[in-house]
Structure formats: C-alpha cells, structure tokens
Amino acid sequence: MKDISTKLLVIGGGPGGYVAAIRAGQLGIPTVLVEGERLGGTCLTIGCIPSKALIHAAHEFERAQHQAGGSPLGIRVQSPSLDIAQTVRWKDGIVHRLSGGVGALLRKAGVQVIQGWAHIEDGKTVRVEPAEGEAVRVRCEHLLLATGSAPVELPMLPFGGPVVSSTGALSPESLPRRLVVVGAGYIGLELGMAYRKLGAEVAVVEAAQRILPGYDEELTQPVLDALEKSGVVLHLGCSVQGYDAQHGVHVRSARADEFALPADRVLVAVGRKPCTTGFGMESLQLDMAGRFVAVDAQCRTSMRNVWAIGDLTGDPMLAHRAMAQGEVVAEVIAGKARRFEPMAIPAVCFTDPEVVVVGRTPGEARAAGLDCIDAAFPFAANGRAMTLAATKGFVRVVARRDNHLIVGWQAVGQGVAELSAAFTLSIEMGARLEDVAGTIHAHPTLGEAVQEAALRALGHAIHI
C-alpha cells in the first residue's frame, strides 16, 4: 500500500470540502482531497445545480405553452413539444463543465485529488480505496470531514424502481404521466412544480397541515395559490402507508380515511440525513449533537485537529453554509483568527414564485423577545414586476423598534432569489432602516421593493 503525508486531508469533494481545499492551497497548506464520486458533491452533481437547470427548462416549456395559447404580450408560437432526453443532456453538460472547473481550480491551488473511498483508521490516518489500482494510506496533521448528506428513505417506500429520490428525479429517462411527491418541503415542491410544468399530473402528500412548514404562512400563500392554479393536487395532513404498482401510493388522512393515489412514479422528498457512517468515523468517537457532529465556532470537533463542516454539522443544510465553513477551517489552520459566526444565512426556495428568508421573521423576532416592526411592499406596486408579468408576492423587512436595526428580510415572487445577497449584506453590515431607505436603488428593478419596504417601515413609502 502506498503511503503519503500531508498537512491537511479533506474527506469529501462537495462545496464545503473543495472550497476548504482550494483556500488551504492558496494559503500554502499541503492539502489532499479524497472524493469517491464526481467533484462538486451533491450540490453540483445531483442537487442544487441540476435541479435549477431542470426548473428553468420546465419554466421555459410552460412559457412556450402559454404563448401557444395566446399571450397578452402579443407573442404567438406553435404548440411546443419536449425532448426530455435532450433536456437531461443539457443539464448534464452544465454539471460536467462545473465539475471540470472545480478540478481545474483544485489543481491551480496545488491540491492533490485522490479519487476513491476513504476509511478512517484514526484521527491522523485514512486509507483510500480507489475504483481501480492500489490503495493509498494518507497520514495527515489535520483531518477535515466534509461528507455531506443523503436523502432520507422511508421504510414503507424504499428507493428503487418507480420510487425515486431527488437524484432519480433529476435524470428521468421519460416523463411520468402521474407523479406523487411525498413531502411538501422545498425539494418536493421545487421538483413537483417542475414536473407539472413539463406536463405530468402531480399530487403532493404532506404530513403537516400546510406546505413549506418551515416558512411562515404569509410567505407560502402565493406558492399555495400557484400550486392550486397549476393543477397540483395537495393532500395535507396525510401520511403515506406504502406503494404498489396496481393501486399506487396508499395514503391515510388525519381522519384515518385511507385512499390510493395512482402513480407511475413516486418522488420521496422528506428531508436529508448527514453521512456519518460507511467511512470509519465511528472510530473517532466524536461528540455528537443529535444526529450531527458537534463543532465549535471554528468547526473543531471534540478531537484535536479533526474538523467538520457542512451538512455533517447540522442545519441549515445549505451549500453556501458549507462553503463559508470550509474557508474558516482553512484559514484557522493557516494561523488566521477566524470564526464561523454569521449574523444570517440566506435560505432560498426555488418554487414558482421563489421564496427567500434571511434572518428573523416577525414571528421569530417575537419568540426571541425582540420588540420589532415589520413592513411589506407588494410587487403589484413595482414597475419592473409589472413588465415581467410577475406581480404576485412582496418584500418584507423586520427591524428593531428602538434603533431600527434590521434583523430580517423575507420575499416571495418571481426572481427574488437574486435579492438574497442584498438582504444578507444589510444584516451583516448592521444596516438600519434609514440606511436602506436612503440608498438609491436603480429604476426599474425588483430591488426598489427592498427600499420601499424600508420606507414603509419608517412610515413614508412613496409608491403605496
């Protein structure tokens, strides 16, 4: 077995792992990264990027269909058709280019990448089994765990055949006529809405009494309206009992009524779990925080010089959180004074309309004992939204009543994901309502709703 030594060994080439490795390489730290599959991890290869590509394709197909039926913009086209195989090839092309780009960036930073599966022998020794060739033993001074997460599988709906996770849903060989989505969280609704736009009949089963249970109802109402308008059938407050090919998905309502939903395909999207097994992590006997690895504000675990980042370390399970943690770890190892203590982490749901939450909602502010004011500005009064034919939704700001310090932003509407950077920046920089209200925003843009929300909270919005 070949032996190599390095200062930093990273297990996992997803957003957290590859960013940590690149930053460490930039800082002159000898670094080895081990990845068993494709560089980029879940987010780049079977998550964030391919799902947004499929969502965009679905949106464009739906828009073409609307124009074929007579558009108020005066556009007339022939009835469109869809080549799903070409759609998947286009999506895969994006993934391939981005994954190749990650590899090039790692090489540029001087990081040694080993393709293979890691098995931890102890906190300073990892054995790597490549797909082919001899095994490699890597000895390191620092070990960084960035193994990510995987879809949760339901005992009564094991993955296989017509029952798929988000991974299978992103590379369909054909479109189902009837799709049942189990779970009305952001993954289930993003993909469920995309499949509906592509022409499938879609039903969603959710155990909670409303969609997107993690978001407040005022934010989710426009999404609920869009789902109902599109013909997605919702079964809320219901649990799934199982599936068979003849009858479909067996469902039990809150009143204990049982019925079956016919389905050619079933998408199970009930959450994700951290990847903590299968690579010898249990040998380290790390302190845990429930199902997650416990870390401090520098992403240190309970074992000296063993670090952990990303989905392995808890919620929110978001790629950009993992990336930020990866940078922190690399810089701490390099001797810099860094901590992972963000004021806010943006969360975006890429439904149609999109939903953005940054910082505290009004309800969360009250629960924290903060005396806050909040105000919303509707896109119905925004000129740019009118020109996009996308006037549903609003921007809302939450600020302390005593000093007007902004503690939260929320938005729902078409394209609001692009406002998340401005929301996060204002909170991180300690902006007050007056700061945002007094900043000139370009006209006509959706961003004007951000300024108008701050003005409205101050009692003098201009355009409402």
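Scroll up a little and you will see the structure.
One structure accompanies this document, and this report is about it. Everything numeric in this text was worked out from a predicted model, so none of it was measured.

Criteria and thresholds
Residues numbered from 1 in each chain as written. Predicted model: local features only at pLDDT ≥ 70, side-chain atom pairs only at ≥ 80, totals over all residues. Heavy atoms only, no water. Helix = DSSP H or I, 4+ residues; strand = E, 2+ residues; numbered from the N terminus. Buried < 20%, exposed > 50% of the residue type's maximum accessible area, 1.4 Å probe, protein only. Arc of directions from axis to C-beta. Contact = heavy atoms within 4.5 Å. Pairing = 2+ DSSP bridges. Right-handed = clockwise from strand over helix to strand, strands pointing away. Salt bridge = Lys/Arg side-chain N within 4 Å of Asp/Glu carboxyl O.

### Things to note about unusual backbone geometry
Across residues other than glycine, the phi torsion is negative in most instances, and most of the peptide bonds are trans.
Here's step 1: Across the junction of Asp-315 and Pro-316, the peptide omega takes the value -5 degrees, indicating a cis bond.
Here's step 2: Position of Pro-316 relative to the elements: it lies in the loop between strand S19 (306–308) and helix H8 (319–333).
Here's step 3: Residue Pro-353 is reached from Asp-352 by a cis peptide bond, and omega for that bond is 10 degrees.
Here's step 4: In this structure, Pro-353 sits in the loop between strand S20 (347–349) and strand S21 (354–359).
Here's step 5: The phi dihedral of Ala-256 falls on the positive side, at around 75 degrees, and the residue is not glycine.
Here's step 6: Summarising the element assignment, Ala-256 is placed in the loop between strand S13 (248–252) and strand S14 (258–261).
Here's step 7: On the basis of relative accessibility, which here comes to 53%, the residue Ala-256 falls in the exposed class.
Here's step 8: Positive phi is not limited to glycine here, since Gln-285 has a value of about 55 degrees.
Here's step 9: Following the sequence through the fold, Gln-285 ends up in the loop between strand S16 (272–274) and strand S17 (288–289).

### Some remarks on helix H11 (residues 420–428)
Residues lying three or four places apart along an α-helix face the same way, a consequence of the helix completing one turn every 3.6 residues.
Here's step 1: Every buried residue of H11 is accounted for by Ser-420, Phe-423, Thr-424, Ser-426 and Ile-427. Projected onto a plane normal to the axis of H11, the buried residues spread over an arc of 160 degrees and lie on a single side. H11 presents Ala-421 and Leu-425 as exposed residues on the side facing more than 90 degrees away from its buried surface.
Here's step 2: Next to the buried residues of H11 lie S20, S21, strand S23 (394–400), strand S24 (406–413), helix H12 (433–437) and helix H13 (448–457).
Here's step 3: Looking one or two places after H11, you find Gly-430, whose phi comes out positive at around 70 degrees.

### Considerations on the pairing of strand S1 (residues 2–11)
Here's step 1: Sheet topology places S1 next to strand S6 (residues 136–145); nine bridges connect them, and they run parallel. Across the sheet, residue Ser-5 finds its bridge partner in S6, namely Arg-139.
Here's step 2: Note on the crossover from S1 through helix H1 (residues 15–26) to strand S2 (residues 31–35): the handedness is right-handed.

### Description of the pattern of salt bridges
Here's step 1: Applying the stated criterion to the full structure yields 20 salt bridges.
Here's step 2: As a salt-bridge pair, Glu-121 and Arg-137 come within 3.1 Å of each other at their nearest N and O atoms. One end of the pair, Glu-121, is in strand S4 (residues 117–122); the other, Arg-137, is in strand S6, with 16 residues separating them in the sequence.
Here's step 3: The exposure class assigned to Glu-121 is partly exposed, which follows from its relative accessible area of 30%.

### What about the pairing of strand S9 (residues 178–182)?
Here's step 1: With four of five residues buried, S9 is to be regarded as a mostly interior element.
Here's step 2: As paired strands, S9 and strand S15 (residues 265–268) are joined by four bridges and run parallel to one another. By the bridge assignment, Leu-179 is partnered in S15 with Arg-265.

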